Structure formats: structure tokens, C-alpha cells
Amino acid sequence: MTRSPRVLLGLAAIAVAFAAADTYVVVLALPDMMASAGIPVEQLQRAAPIVSGFLLGYVAMLPLIGHVADLRGRVPVLVAALVVFALGSLLTTLAYDMPTMVTGRFLQGVGGGGLVPATLALVADLYPAERRGVPLGLVSAVQEIGSVLGPLFGALVLAVADWRVIFLINLVVGLALAVAVRRLGGFETGAGAPSSATVRFDWIGLALALVTLVAGALVFVQPSQLMRDLTYGQLFIPYAGDGRWLTPLGTVAIVALVLLVVRCCTARRPLLDIRGWIATVREADALGALLLAMALAGIVLAFATADPKVQVFSDQGVWYLLASALAAVGFVVHVRRVERPLVPAGAMRRTPAWGAMLVSFFVGAALIAALIDIPLFARTTVYPGSQLMAALVLVRFLVALPVGAVLGGYLTHRLPAGVVTAAGMALAAAGFLWMATWDLESLESPVATLPLVLAGLGFGLALAPVNAAVLASTDHEVHGLASAFVVVSRMVGMLVGISALTTIGLRRYYAEQADVPSVRDVCDGGSRCAEFTRLLKLAGIAQEQTVFTGAAICAVVAGALALVLFRSAPTRAISTGDLLRSAG
């Protein structure tokens, strides 16, 4: 497929890891980002779109991107996803208000999410079904390592520089990886992609792009030195009102952008093949993709905007879910009527294919409990004043996860995918049930590391066989789409899981808190004492124990479904003994 396919796969895996790191890096940078957008730190709810915008781009656009990867090829989609990720990073770096910041994060989500199905489909292109386990495990491991390094990367940058440097580094790395993947992979992997022999550089398009970028960046940044200058300062004076774009410099940026789009739509060999991408999106069923994106967006917004203290989804979430249901019905009707729908007829008909989506949903629902509630438990008990120390407790879990991913990939080569997945989920469930017995002093013991490592290994074991099952049970023409649906299912499971489990846990907390005597009774008339604080902590521990128990149940369900639904998935190498038994 390419001159150096394994090197290309390595670059794609690195890109996936970097995008995964960006998913978690924003958590530490959020207070500074809020301040830059003019939002007080105490109004944290107003910053929710910074997180939900990324999730929206990541989830809602994945099916379309996965299908485009099937039509146009893995390499062009990888390059395009990296460019979009870099563009989102640039926009976030320069953002001066909330709408710009959310738009940048949305584009980062679209680009980062698009890397995953294209990379998984690339593995399917390079390896036969019985040999995909190890490379899928390696890709999953690298992705999880990115998740581990994300918060550490953010903390390191914030220790020496402004939060914008984080996204500036994203910009540089994204563009560097895009150039490397493009040069290594060429354009030959997809229908409709131009041959590298006919491509000539579009210097006019480059000039327009540079003018757009420079003028736009100056509008965003508004350098004080230029604004105070008697000559150059006039470029920043609005024609009317106080809008930044209603200035001479803003006009230059807008006109240059319009000319760039026109150039890319009319030139024979443009800088950006907009016509080709539009044609591919049309072929991929743009209307169907829009309906499915609306359905997924409704789910994301319903659960991402919820206050888990009082509800599984927000008051507005009812309307989001209603709109999602209507869009889903419209999507089903649409795919039955069009000749070439987003999801081809029978694309996910085999049991392991749609079963992988179901298993992935429950894996995500259990996984999010570890990512959120392990640090919460640590802060509730032994590290009440240290977010860093609480995060380091989670690192024990996260370090074990990529190790399990590599091991799971190796075992998938030898054992049925359902068995490997079920074994992983059994380990994860055992780890969660062990955590459900933790008390106030448990994390002070070295033994507490064992359930964390056990759960991390378990989740790692399940990653490769789930992806291997869906790739082995779908046709080559829909590998990108199928991989996208598995990723979407996992993300939706995480959203639903954290809302449902947290709500159930908080009900347990309120019930335990109601049984706590009044502070005056406990503290002999005082307003506060150590014993009363201990009783409140015990109520908080009861909440986390309930969440861990619920996560264990989700893990057991995922493992049981995998055993049943993955039985016919041809994911492992057939041994001589298997051949003799089947012949006999």
C-alpha cells in the first residue's frame, strides 16, 4: 500500500497518542483558559463547552470520517485529520473569547477523533485477520500511553509557560506529523485522490493562505506595539462598533480567505483539494452523516451538560434526547431510501460486528468510573488538598493499561477474542470489587496498588480483541466506518456511564449523610470536630464504593456479552490441531 507501511503505521499511532494526550491536557489548563476568556473561576459551569465541544467534535463526526477513510483512503484522511487538529490547535491558541475557544476545541476533537478509525483501518489493510491482534494491541497501548502523558505534559508546560503554549506545541507537532505521513504514504490509497505524479505546488494558494493566517492571527492577538503605532494602529480601528473583524486588518483576512476558497475550488491543482473532498463527502452520504451527527450530538449534550448531583441528564437534556431520537429515526428512514447510504446495507450484519459496539459501550461505562472516581476517592481520603497526588494514584492504573493492551493483542493471536475480552473484564471487575472494600486508610497501604494494576491490565486486555472482532467481521470497504462506530460506542458508554454511576453513587452518599448525627451531637455542641469530618468522609467513601460496584457490574456485562457475541469472530491464527479437528 505504501513505501514503508509499518513506519507509516507507527507515525499514525504516534498521532493517535498525541491526540489522546490532548483529550486530558485541558483539565489542568481549564482555569487559565477560563480567565483568558473572561470567565471567573467560580463559574466553572460556563466552561463546560470547552470540554463538551471537544467531545462533540470527537464523537459526532466519527462515522462520517470513518466512511470517508473507506472511500478516499487511510493516508489522505490521516493527513486531513492532522491538519484539522493543527487548525483547531491554532484557533485555540489565539482564542480571545469563549466561542473561538470552543470552535478550536471542536476542530481538535474532529481531527483527533478522525485519526482513530483511519489508523485501525490501516492495521486491517496491512495485516490479515489472524495477525492483527498484536498491532491492534500496540496501537491501543500507544493511545493509552498518550492518555497517561497528557496530564503530565500539561503540568510540565504550565509550570514554565502559559496555557497557550500547550496548543502551540499541538500545532507544530500536528503539522510535522501531517507532512511526514503525506510524504511517506503518498496519495495513492483512495479513490478520487490525485496521483502524486500530477501534483504541482500551488504557490498562489500558499500566498493566500499565508495572508489569511498572518492577518487573522494579528486580529486575534492584537499586539499592543502595533495598536499603539500611529500608522499601523489604524489597521485595528473598526469601521463601526467594536468588532475585531470590522477593521481593515479583519477585512484583509476575510477577503484573503474567500479568495483562497475560490482558488481551491477552481484551480486545476489547488493547495487544498476542496472539490475532491466535497465530492467524497457527497459520496459518503452527507445528509445521512448530518442526521447521525445530530443524533450523536444530542446524546453528548444531554449527558455532558448534566449535573450528576441531581440528575442523570440535564433539564435541557430531555429536549436534546428528543431531538436525538428524531434525528435517529430520520437517519434510519434515510438509509433505507438512498442508493448509497452512510452505512451500507449489511455492513454491520454479522454478530461480532454489532456485538463489538455493544461490548465497547459497557467497557466505556466501566472505564470512566476508574478515570474519574479513583482520583476522587484519593482526594476524599488521604490526599484532600493535593490534586497532583490524587492524579498519581490514577497513574498506577493507567500505566498498567497499555501493558495489558499489548498482552491482549498477543493473546488475541492465540485465543478467541471473546475469551480474551471476558478475561480482561473479569480482571477489571475483580479490581473494582476490591476497590469497593477500600476504607479511609486503604490508599496508604502498598497493597492498594494491586487492584489498580489489576483493573488497568484488565481494561488493556479488552481493547485489542474488541477492535479485532469488528475488523474481522466486516468487509474491507467498511473497516473505517466499523472502527468509528466502535469508538463512538465507547465514548457514548463513558458519557452515559459517568452520569448514571455518579447519580447512583450520590444517592448512596445522601442516604449515608442523612444517618450522620448533627454536628452539635457529635462535637458536643461545637461547630466542627475531627469525628464529624470522619463521618462525612465515610459517607463519601460509601458513594465511591457504590460507583466501583456499579463499574464492576458493567465490566461483567461487557465480558459476558463478548463471550456470547464474539464466538464466530475469526480473529486468531488457525493451528495445525484446529485444522485436523475441523477436517475430522
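Now for a look at the structure at hand.

### A few points about the side chain of S89
Part 1: On the secondary structure map, S89 appears in helix α4 (residues 74-94).
Part 2: Of the residues examined, S89 reaches a relative accessible area of 0% and is grouped as buried.
Part 3: Among the polar contacts listed, one links the side chain of S89 to the backbone oxygen of F85, at a separation of 2.9 Å.

### With respect to a nonpolar patch on the surface
Part 1: Together, V134, L138, V406, L407 and Y410 line one region of the surface with nonpolar side chains, adding up to about 400 Å² of accessible area.
Part 2: When residues in the nonpolar patch are grouped by element, the largest group, 3 residues, is from helix α15 (residues 387-414).
Part 3: Positionally, L407 belongs in helix α15.

### What to know about the packing of helix α8 (residues 203-221) against helix α10 (residues 248-266)
Part 1: Between α8 and α10, whose axes approach to 8 Å, the crossing angle comes to 150 degrees. For the element pair α8 / α10, the angle class is roughly antiparallel. Both α8 and α10 take part in a crossing whose hand is left-handed. Residues I204, G205, L208, A209, V211, T212, A215, G216, L218 and V219 of α8 lie in contact with α10, whose contacting residues are L249, G250, V252, A253, A256, L257, L259, L260 and R263.

### Some words on the packing of aromatic side chains
Part 1: Within the structure shown, the criterion is met by 12 aromatic pairs.
Part 2: Ring centres of F18 and F153 lie 6.4 Å apart, and the angle between their planes is 50 degrees; this geometry places the pair in the tilted category. Here F18, found in helix α1 (residues 5-36), pairs with F153, found in helix α6 (residues 133-160); they are 135 residues apart in sequence, far enough to count as distant.
Part 3: Residue F18 is classed as partly exposed on the basis of its relative accessible area of 21%.
Part 4: Exposure remark for F153: the relative accessible area of 23% places this residue in the partly exposed category.
Part 5: Taking 6.0 Å as the distance between ring centres and 35 degrees as the angle between the ring planes, the aromatic pair formed by F54 and Y58 counts as tilted. With F54 and Y58 both in helix α2 (residues 48-60) and 4 residues apart, the pair spans about one turn of that helix.
Part 6: By relative accessible area, which is 2% here, F54 ends up buried.

### Re the packing of helix α3 (residues 62-72) against helix α18 (residues 479-514)
Part 1: Contact geometry of α3 with α18 gives a least axis separation of 6 Å together with a crossing angle of 160 degrees. One element, α3, and the other, α18, form an angle in the roughly antiparallel class. Handedness of the α3/α18 crossing: right-handed. Of α18, the residues touching α3 (which contributes L62, P63, G66, H67 and D70) are H479, G480, L481, A484, F485, V487 and V488.
Part 2: Looking at the contact of α3 with α18 residue by residue, the class counts come to 7 nonpolar, 4 polar and 1 charged.

### Regarding the side chain of T421
Part 1: Along the polypeptide, T421 turns up in helix α16 (residues 417-435).
Part 2: The contact partners of T421, leaving out residues within four places of it in the chain, are V359, A462, P465, V466, A562 and F566.

### A look at the pattern of salt bridges
Side chains that differ in sign of charge can pair as their charged atoms come close.
Part 1: The final tally for this structure, using the stated rule, is 7 salt bridges.
Part 2: One salt bridge in this structure joins R340 and E283, with 3.0 Å as the shortest N-O distance. Residue R340 is found in the loop between α13 (315-337) and α14 (351-380), and its partner E283 is found in helix α11 (residues 274-283); the two are separated by 57 residues along the sequence.
Part 3: Here R350 and D475 are joined by a salt bridge, their closest N and O atoms 3.7 Å apart. Linking R350 in the loop between α13 and α14 with D475 in the loop between α17 (449-472) and α18, this pair joins segments that are 125 residues apart in sequence.
Part 4: Exposure remark for R350: the relative accessible area of 33% places this residue in the partly exposed category.

Reading the values: the criteria
Residues numbered from 1 in each chain as written. Predicted model: local features only at pLDDT ≥ 70, side-chain atom pairs only at ≥ 80, totals over all residues. Heavy atoms only, no water. Helix = DSSP H or I, 4+ residues; strand = E, 2+ residues; numbered from the N terminus. Buried < 20%, exposed > 50% of the residue type's maximum accessible area, 1.4 Å probe, protein only. Polar contact = N/O pair within 3.5 Å; in protein donor to acceptor, adjacent residues only side chain to side chain. Patch = residues over 30% accessible without salt bridge, like charges linked within 9 Å, V, L, I, M, F, W, Y side chains within 5 Å. Areas by Shrake-Rupley, 256 points an atom, 1.4 Å probe, with all protein chains shown as cover. Salt bridge = Lys/Arg side-chain N within 4 Å of Asp/Glu carboxyl O. Axes fitted to C-alpha atoms, helices over the stretch in contact; angles between N-to-C directions. Parallel < 35°, antiparallel > 145°, perpendicular 65-115°, else oblique. Left-handed = near helix turned anticlockwise from the far one by under 90°. Contact = heavy atoms within 4.5 Å. Phe/Tyr/Trp six-rings, centres within 6.5 Å; stacked < 30°, edge-to-face > 60°. Nonpolar A, V, L, I, M, F, W, Y, C, P; charged D, E, K, R; others polar.

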